[in-house]
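# Working through the structure, step by step
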Amino acid sequence: MVTGTTRHHRICPLCEAGCGLSVDIEGRRAVKVRGARDDVFSKGYACPKGISLGEIDQDPERCHAPLVRQPDGRFAEVTWDEAFAEVARGLGRVAEQHGKDAVALYYGNPVIHTVGIPLHVTPMRQAMQSRNVYSSSTVDQMPKNVSAGLMFGDPWAIPVPDIDRTDHLLILGANPLVSNGSLWTVPDLPGRIRALKARGGRLVVVDPRRTRTAEVADQHVTIRPGTDALLLFALVHTLFDEGLTAPLDPARYAGEEQLREAAKEFSPEAVAEVCGTTPDTLRGLARELAAADSAAVYARMGTTAVAFGTVASWLVDVVNALTGNLDRPGGAMFGEAQHNALRPTGPLALGRWHSRVRGLPEVLGELPAATLADEIDTPGEGQVRALVAIACNPVLGAPNGERLDRSLADLDFMVAVDPYVNETTRHAHVILPPPRVLESEHFDIVLSRLAVRRVARYSPPLLPREEGRPSEAEILAKLTLILSGAGPEADPASLDSLIIDKILGAVVAAPGSPLAGRDPAELKAQLTGEDSTERRIDLMLRLGAFGDAFGLRPDGVNLAVLRERPEGMDFGPLRPRLAEIVGADSRVALFPEPVAGDLPRLVEFLAAERERGAGSFLLVGRRHLRSTNSWTHNIAALSGGTNHCALEINAEDARRLGIGPGDEVTVRGRAGAVVALAEPTDRVGPGVVSLPHGWGHGRDGTRMAHAAKAPGVNVNALTDELVVDPLSGNAVFNAVPVEVSPGRGDLHRC
Ligand SMILES: Nc1nc2c(c(=O)[nH]1)N[C@H]1C(S)=C(S)[C@@H](COP(=O)(O)OP(=O)(O)OC[C@H]3O[C@@H](n4cnc5c(=O)[nH]c(N)nc54)[C@H](O)[C@@H]3O)O[C@H]1N2
Ligand SMILES: Nc1nc2c(c(=O)[nH]1)N[C@H]1C(S)=C(S)[C@@H](COP(=O)(O)OP(=O)(O)OC[C@H]3O[C@@H](n4cnc5c(=O)[nH]c(N)nc54)[C@H](O)[C@@H]3O)O[C@H]1N2
Ligand code: SF4
Ligand SMILES: [Mo]
């Protein structure tokens, strides 16, 4: 190390793997970042994005001061006090004139990668009292939340493959070698897959595209997009049909007989052709799962962002249960939160209210992102007139994003919490930038329940914040106070203090709690931390799975302990805990009522697909190793090479249509059309095309000059906001019917 350089440990906030990074800092810059070998969880692994954390943090186009839009439409930098006052005026005016439902909230993917947002978003939702709450959950994993909520009584009880001990891993619709795992916090997946294979384990991938993960698999089953629910049902059918199910304890599992009955009509013979495969292949998949000493089924975006997202997500865990692999070492297991997870119990209630325009059911207190534009565009009582947009870019991330682009321009007021002026935030009246990455702490609030090991880690900020600059938690707390009517001057720390009081009050009052009867004030006084955010983290840790329970467990963790051990503490592999999750008197619902109610639609789909002739192309998504959705294309170190926006099309289809490499092609969906550059390839089969999302940069008023140099096109100009998975309201990004034709027709490239 050069003199003046200090080395620090920092959890990477860029994806769900949560690798530990070693960051060399000179002055206020990160000069070198690499995987931290002493990290108890990731042991030195890091991907190109993590290594570029310095470039991401130091991107000159990130905003550092709040921006307020001027009468001439341009943004001007203002002080934080002025910005919050403007927000209070803007939101206040809309709520006063049009009521609370007229103010909507939308938060995006980084919510799970930050501390301030998850700590404050629930109180914010309560303070708003608006029915118009949206998030990236309904363009992503909501079907899995619904299936977990219905089966296990907890929407975040999502089993993860116990990859380090499994003998057989079946992956559907996920490409974890590129995404680095999702709903599965598993650093160094490449190394873990190598270890699986070295010990004689088997990896099978079901994907319409020959992905990097498919390339390293022992078997790649190509599937016709959108048919995983049928494929999985055929596995369930085979398990029953061939007597391959493991004995399930009736005291723990309900609904096995109804499930057996329902699976009857989805035999491998009935579905194979529609799935683009053979009955033998399907029976083989089921037999292998049943025969393995331990096995796990894992599925992601290719099975959730589809029209049968909830049914497919449910069937994944049905197969895990029927093969005896749910909740056992080497199978699909429940992770354990390092912090107290206050969670609802009992089966999930769906549709406690419905969206105003399309009547779509609420799920987990949210409405589908796919209907936000309807709620903005359609006049009447409850019409959305203002938006609080936190860490999101739905113009590029939501279905029919181009419609949303127009709708956002029409709002009376919009405030964004975001470091960039991008395709979405350019519509804001006020932009509140969070501090730099290196000025922020990292603590995993959402993802630790999905981790493959029981670990506890905390990273304090590596740099002090610039004078006067609020933390992201303070920004969110201020917004919450504004939305609750307390006004822009209220002290954000007062909100944390109230929340701590509330949690401690509940803990000492809970019968059977080890802290029952203790004095909350005395417990509160024990909390340590530099600020109220850290004190909240200390509280969560102490009450969490590995916590010291305020001294009752002297070898447990708290904030002070973890500050001394930035490399983290490992408490070992996952342990069976189904009884804890489901509750002593409850059972796993193998055949939950709402899912059963959606099966006639699957039967109809099967019949219709059998009749289908050769038709339009089906569009699927893909991700790039050196991208994160829409917001890292501005980083030179991560751009270029294979990280570009091109339409993959089967080479034979391309030849037939007269399309060559790099040619312009028009792709048309129900919602709209784009002109993309073609990449003929045998990675995708006949009839399948693939475009990545998060592109379509370079619009007027954005400030991402590097991204604008290679703007790409917005795949969500094609995707249809009118089609959702009915149970979860999730958007459909895979198996989208599109027409493909050579040339640009009458279209301009975005
Ligand atoms: N067609 C298609 N569409 C898709 C997908 C697909 O597979 N295909 N995937 C979907 C999925 S899974 C997701 S999660 C969504 C993602 O869509 P969104 O969550 O809407 O957006 P992102 O592109 O992740 O952009 C995140 C925003 O947060 C900002 N940001 C980054 N770091 C921080 C921070 O620390 N604090 C704050 N306040 N802001 C920050 C960025 O500048 C950016 O504006 O896209 C979805 N859209
Ligand atoms: N490098 C990188 N990492 C990321 C992100 C990123 O943008 N870049 N984004 C992050 C986010 S927000 C998320 S949610 C995760 C997502 O993590 P993953 O789900 O692992 O990522 P995807 O690349 O969307 O994988 C979906 C796969 O489903 C396949 N597929 C499409 N349609 C179907 C179908 O009908 N059936 C089946 N069986 N497969 C289908 C696609 O070909 C693709 O390989 O990744 C996260 N990690
Ligand atoms: S895999 Fe994810 S967490 Fe690990 S270094 Fe890469 S971006 Fe960061
Ligand atoms: Mo996502």
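Since this is a predicted model, take the numbers as computed values, not measurements.

The subject of this paragraph is the environment of Tyr107. Tracing the chain through its elements places Tyr107 in strand S6 (residues 103-107). As a C-alpha pair, Tyr107 and Ala391 span 284 residues in sequence and 5.8 Å in three-dimensional space. A polar contact of 2.8 Å, which involves the side chain of Tyr107, links it to the side chain of Arg125.

As a further point, take the site of ligand 1. As a structural note, the neighbourhood of ligand 1 is formed by 28 residues, with Asn109, Gly397, Asp418, Glu472 and Ser630 the closest of them. Residue Asn393 places a main-chain N or O atom 2.9 Å away from an oxygen atom belonging to ligand 1. Contacts to ligand 1 include His693, whose side-chain N or O atom sits 3.4 Å from a nitrogen atom. Protein chains shield 95% of the accessible area of ligand 1, which is 920 Å² for the free molecule. Considering only residue class, the shell around ligand 1 consists of 13 nonpolar, 11 polar and four charged.

In this section: the environment of Gly694. Locating Gly694 in the fold gives a position in the loop between strand S25 (688-690) and helix H26 (705-709). The buried category is assigned to Gly694, whose relative accessible area is 1%. For the pair formed by Gly694 and Trp631, sequence separation is 63 residues and the distance between their alpha carbons is 7.4 Å. Ignoring sequence-local partners within four residues, the contact set of Gly694 consists of Leu396, Asn629, Ser630 and His633.

Bringing the pairing of S6 into the picture now. The buried fraction of S6 is high, at five of five residues. The alternating pattern of S6 places Val103, Leu105 and Tyr107 on one face and Ala104 and Tyr106 on the opposite face, and all of these are buried. As paired elements, S6 and strand S15 (residues 386-390) share five bridges and run parallel to each other. Counted as the bridge partner of Tyr106 is Ala389 from S15. The pairing of S6 with strand S7 (residues 133-135) spans three bridges and is parallel. Directly across from Tyr106, in S7, lies its bridge partner Tyr134. Note on the crossover from S6 through helix H4 (residues 116-128) to S7: the handedness is right-handed.

Attention now moves to the side chain of Ser459. Position of Ser459 relative to the elements: it lies in the loop between strand S18 (453-456) and helix H18 (472-483). Given a relative accessible area of 1%, Ser459 falls into the buried group. A distance of 2.9 Å separates a polar side-chain atom of Ser459 from the backbone nitrogen of Ile11. In contact with Ser459, other than residues within four places in its own chain, are His9, Arg10, Ile11, Glu441 and His442.

What follows is about the site of ligand 2. In the vicinity of ligand 2 there are 30 residues, among which Asp207, Gly226, Asp228, Arg623 and Ser627 approach most closely. Between Val178 and ligand 2, the recorded distance is 3.1 Å, taken from a backbone N or O atom to a nitrogen atom. One of the side-chain N or O atoms of Asp228 is found 2.5 Å from a nitrogen atom in ligand 2. For ligand 2, whose unbound accessible area comes to 920 Å², protein coverage reaches 97%.

For the rest of this paragraph, the subject is the pattern of salt bridges. Scanning the entire structure with this criterion turns up 57 salt bridges. Across the salt bridge formed by Arg457 and Asp39, the nearest N and O atoms sit 3.0 Å from each other. You can see Arg457 sitting in the loop between S18 and H18 and its partner Asp39 sitting in the loop between strand S3 (29-35) and helix H1 (48-51), a full 418 residues away along the chain. Note on Arg457: relative accessible area 7%, which makes it buried. Between Arg283 and Asp241 there is a salt bridge whose closest N-O contact spans 3.2 Å. Of the two residues, Arg283 sits in helix H12 (residues 279-291) while Asp241 sits in helix H9 (residues 228-241), which places them 42 residues apart along the sequence.

Below, the discussion takes up the packing of H9 against H12. The geometry of H9 relative to H12 is characterised by a closest axis approach of 9 Å and an angle of 60 degrees between their N-to-C directions. What the angle tells us is that H9 and H12 run oblique. Seen from above, H9 lies across H12 with right-handed handedness. Across from Leu231, Ala234, Leu235, His237, Thr238, Leu239 and Asp241 in H9, the residues of H12 making contact are Leu282, Arg283, Leu285, Ala286, Leu289 and Ala290. Of the residues in the contact of H9 with H12, the class split is nine nonpolar, two polar and two charged.

Looking now at the domain arrangement of the chain. According to the domain assignment, the chain consists of domain 1 (1-58), domain 2 (159-333) and domain 3 (614-742). Look at where the C-alpha atoms of domain 1 and domain 3 centre, and you get two points 31 Å apart. The interface is formed by six residues belonging to domain 1 together with nine residues belonging to domain 3. For the pair domain 1 and domain 3, the summed buried surface comes to about 670 Å²; carbon and sulfur atoms form 79% of the total. Scanning the region where domain 1 abuts domain 3 turns up zero salt bridges. Mapped by element, the contributors of at least two residues to the side of domain 1 that touches domain 3 are H1 and helix H2 (53-57). Looking at the side of domain 1 that touches domain 3 residue by residue, the class counts come to three nonpolar, one polar and two charged.

The rules we used
Once a new chain begins, its residue numbering starts again from 1 and follows that chain's sequence as written. Following the order in which they are written, the chains are lettered starting with A and the ligands numbered starting with 1. Two thresholds apply to this predicted model, a pLDDT of at least 70 for residue-level local features and 80 or more for giving and counting side-chain atom pairs, whereas whole-chain, interface and lining totals are computed over all residues. Processing note: side-chain calculations cover all non-hydrogen atoms of the structure and skip hydrogens and water entirely. Numbering of helices and strands runs from the N terminus; a helix is a DSSP stretch of H or I covering at least four residues, while a strand is a stretch of E covering at least two. As used in this structure description, the phrase polar contact means that two N or O atoms lie within 3.5 Å; if the pair is within protein, one of them must be able to donate a hydrogen and the other to accept it, and residues adjacent in sequence are counted only when both atoms belong to side chains. For this purpose, a residue is taken to be near a molecule or strand whenever a single non-hydrogen atom of the residue falls within 4 Å of it. For accessible areas, the Shrake-Rupley method is used with a probe of radius 1.4 Å. Any residue's cover is judged against the shown protein chains and nothing else. Each residue receives one of three labels: charged for Asp, Glu, Lys and Arg, nonpolar for Ala, Val, Leu, Ile, Met, Phe, Trp, Tyr, Cys and Pro, and polar for the others, Gly being one of them. The buried label goes to any residue with under 20% of its type's maximum accessible area, the exposed label to any with over 50%, and the partly exposed label to all in between, with areas taken from a 1.4 Å probe on protein chains only. Any two residues having at least one pair of non-hydrogen atoms within 4.5 Å are treated as being in contact. A strand pair is defined by DSSP finding two or more bridges across the two strands. Handedness of a crossover is defined as follows: orient the strands so they point away from the viewer, and if the path from the first strand over the helix to the second runs clockwise, the crossover is right-handed. Each reported salt bridge corresponds to a side-chain nitrogen of Lys or Arg within 4 Å of a carboxyl oxygen of Asp or Glu. Angles shown run from 0 to 180 degrees and are taken between the N-to-C directions of axes, each axis being a line fitted to C-alpha atoms and, for helices, limited to the stretch in contact. Any angle from 65 to 115 degrees is called roughly perpendicular, while one under 35 is roughly parallel, one over 145 is roughly antiparallel, and all others are oblique. Working rule for handedness: look at the near helix, and if it is turned counterclockwise from the far one by less than a right angle, call the crossing left-handed; if clockwise, right-handed. An automatic or database domain assignment supplies the residue ranges for each domain. Two parts placed together each lose some accessible area under a 1.4 Å probe, and adding up what both lose gives the buried area.

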